[in-house]
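# Coordinates in review
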Amino acid sequence: TVGYGDKAPITGIGRIVASLTIISSVVLVSLFTATISSLFVARKLKESQGLQNITLKDHILICGWNSKVDNLLARLNSSSKKKNSLPVVLVNDMLPEKIESILEAFPNLELKFTRGDHSKEAILERANVKEARAVIILPDSVNSTGFPNDDKSLFSLIAIKGISPKTKVFVNIMDSENSQPMKRASADEVIISDQHIDFFLANHIINPGTAELTLDLLNGNSENDIHRIEIPEIFIGKSFEELFIYFKREKNITIIGIVKEE
């Protein structure tokens, strides 16, 4: 019954059974509540330690840690201001307490953390690499494996492509000589650190203004920025000049190129 006394035991045995039922019910509810609570607490502890399996889909995986991660996350954070929260998973060997401040610093990102060596398949699978939209591999500033940074990045690339061949992987390397091994391992793009220093230094002298313009466009905090937008259907089949004039007059946007992605 619902407990209003509409039905109550009369015999001694009935009252004993009812009393035991009441006591056992309280115990069972308490055990159930404690079990559920402990599951949530254990999950939260695992997440804070980077040991929880990631269930996100269509997320960006950032493997490795160095001084550029903050700027990379800031760029992703600013680009997702007008969109839904962007899911990002960090995979590295950093201590959980150092990662905790990073997880709270970017409100527009749905940040998760997986702790471990990103060249290991088990760690990548825990980060759900199969469901990732793209993977960025950065050279570690601290390398616990004893291998040079680019070597570890190559091992990670091979492991990722072995698990999920169709996942796009972008690799940042330190040494330009390692570019070809990365491409042979099916890296979608290879970005070489300090690759364009000669361009900026030379153009500051030879073509003053061009280097400043390029840096302004690359600066995520600048009012000017580079975006990719869809071509309106009414302009498909028309000239580039017509498209250029339309965007400049109607939206104050300067078109600098046409991109076709396959």
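Look up a bit, the structure's there.
Figured I'd write up the structure that's included with this text.

Moving on, we get to the overall build of the chain. Secondary structure assignment for the chain yields 9 helices and 6 strands. Against the compact-globule benchmark of 18 Å for 262 residues, the chain has a radius of gyration of 28 Å, which places it well outside the compact range. Along the three orthogonal principal directions, the C-alpha set of the chain runs to about 105 × 55 × 30 Å. The buried share among the 262 residues of the chain stands at 31%. Taking the intrachain contacts of the chain between residues at least 6 apart in sequence as the baseline, contacts between residues at least 24 apart amount to 57%. Carbon and sulfur atoms make up 57% of the accessible area of the chain, which amounts to about 17900 Å² in all. Charge-centre separation for the chain: the mean point of 30 positive side chains lies 8 Å from the mean point of 33 negative side chains.

What follows concerns the packing of helix 7 (residues 197–206) against helix 8 (residues 210–218). Across the interface, helix 7 lies against helix 8 with an axial gap of 7 Å and an inter-helix angle of 135°. When the axes of helix 7 and helix 8 are compared, the pair comes out oblique. Contact residues: helix 7 offers Phe199, Phe200, Asn203 and His204, while helix 8 offers Thr210, Ala211, Glu212, Thr214, Leu215 and Leu218.

Below, the discussion takes up the environment of Val29. Mapped onto the elements, Val29 comes out in helix 1 (residues 12–49). Among the residues examined, Val29 registers a relative accessible area of 53% and is labelled exposed. Here the alpha-carbon distance between Val29 and Lys251, two residues 222 residues apart in the chain, equals 62 Å.

Let us look at the side chain of Ser153. Mapped onto the secondary structure, Ser153 falls in helix 5 (residues 149–163). Judged by its relative accessible area of 1%, Ser153 is buried. In this structure Ser153 touches Ile137, Leu138, Pro139, Val171, Asn172 and Met182, once residues within four positions along its chain are discounted.

Moving on to helix 5. With 15 residues, helix 5 should reach 21 Å at 1.5 Å per residue; the first-to-last C-alpha distance of 21 Å fits that figure. Turning to helix 5, its buried residues number three or more, namely Asp150, Lys152, Ser153, Leu154, Ser156, Leu157, Ala159, Ile160, Lys161 and Ile163. Against helix 4 (121–126), strand 4 (134–137), strand 5 (168–173) and helix 6 (179–184) lie the buried residues of helix 5.

Core analysis: the biggest nonpolar cluster contains 25 residues, and Leu61, Val135, Ile137, Leu157, Val171 and Met182 have the highest contact counts within it. Those elements giving two or more residues to this core turn out to be strand 1 (60–63), strand 2 (86–92), helix 4, strand 4, helix 5, strand 5 and strand 6 (189–192). Here this core takes 5 residues from helix 5, the largest share from any one element. Setting aside chain neighbours within four positions, we find Leu61 in contact with Val89, Val91, Ala127, Val129, Ala134, Val135 and Ile136.

As a further point, take the sheet that holds strand 5. Spatially, 6 strands are ordered 3-2-1-4-5-6 in an open sheet, and the strand pairing comes out parallel. Of all the strands in the sheet, just strand 3 (109–115) and strand 6 have a single pairing partner and so form its edges. Taken over all neighbouring pairs, the strand axes of this sheet differ in orientation by 20° on average, direction set aside. Pairing between strand 2 and strand 3: 7 bridges, direction parallel. Paired with Leu86 across the two strands is Leu109, which belongs to strand 3. Relative to the sheet, helix 3 (residues 96–103) contacts strand 2 and strand 3, its axis offset from that of strand 3 by approximately 170°.

Time to look at the packing of aromatic side chains. Evaluated as defined, the whole model comprises 4 aromatic pairs. Taking the centre distance of 5.1 Å and the plane angle of 75° together, the rings of Phe199 and Phe200 count as edge-to-face. A residue is classified by how much of its surface remains accessible, and Phe200, at 18% relative accessible area, is buried. Look at Tyr246 and Phe247: their rings are 5.3 Å apart centre to centre, the planes differ by 75°, and that puts the pair in the edge-to-face class. Through a chain of ring-to-ring contacts, three or more aromatic side chains come together here, namely Phe235, Tyr246 and Phe247. Lying across the ring of Phe235, Lys238 places its NZ or CZ 5.8 Å from the centre.

Scoring rules and cut-offs
- Residues numbered from 1 in each chain as written.
- Predicted model: local features only at pLDDT ≥ 70, side-chain atom pairs only at ≥ 80, totals over all residues.
- Heavy atoms only, no water.
- Helix = DSSP H or I, 4+ residues; strand = E, 2+ residues; numbered from the N terminus.
- Rg over C-alpha atoms; globule rule 2.2 N^0.38 Å.
- Buried < 20%, exposed > 50% of the residue type's maximum accessible area, 1.4 Å probe, protein only.
- Contact = heavy atoms within 4.5 Å.
- Areas by Shrake-Rupley, 256 points an atom, 1.4 Å probe, with all protein chains shown as cover.
- Lys, Arg positive; Asp, Glu negative; His and termini not counted.
- Charge placed at Lys NZ, Arg CZ, Asp CG, Glu CD.
- Axes fitted to C-alpha atoms, helices over the stretch in contact; angles between N-to-C directions.
- Parallel < 35°, antiparallel > 145°, perpendicular 65-115°, else oblique.
- Expected span 1.5 Å × (residues − 1).
- Core = buried A, V, L, I, M, F, W, Y, C linked by side-chain atoms within 4.5 Å.
- Pairing = 2+ DSSP bridges.
- Phe/Tyr/Trp six-rings, centres within 6.5 Å; stacked < 30°, edge-to-face > 60°.
- Lys NZ or Arg CZ within 6 Å of the ring centre and 35° of its normal.

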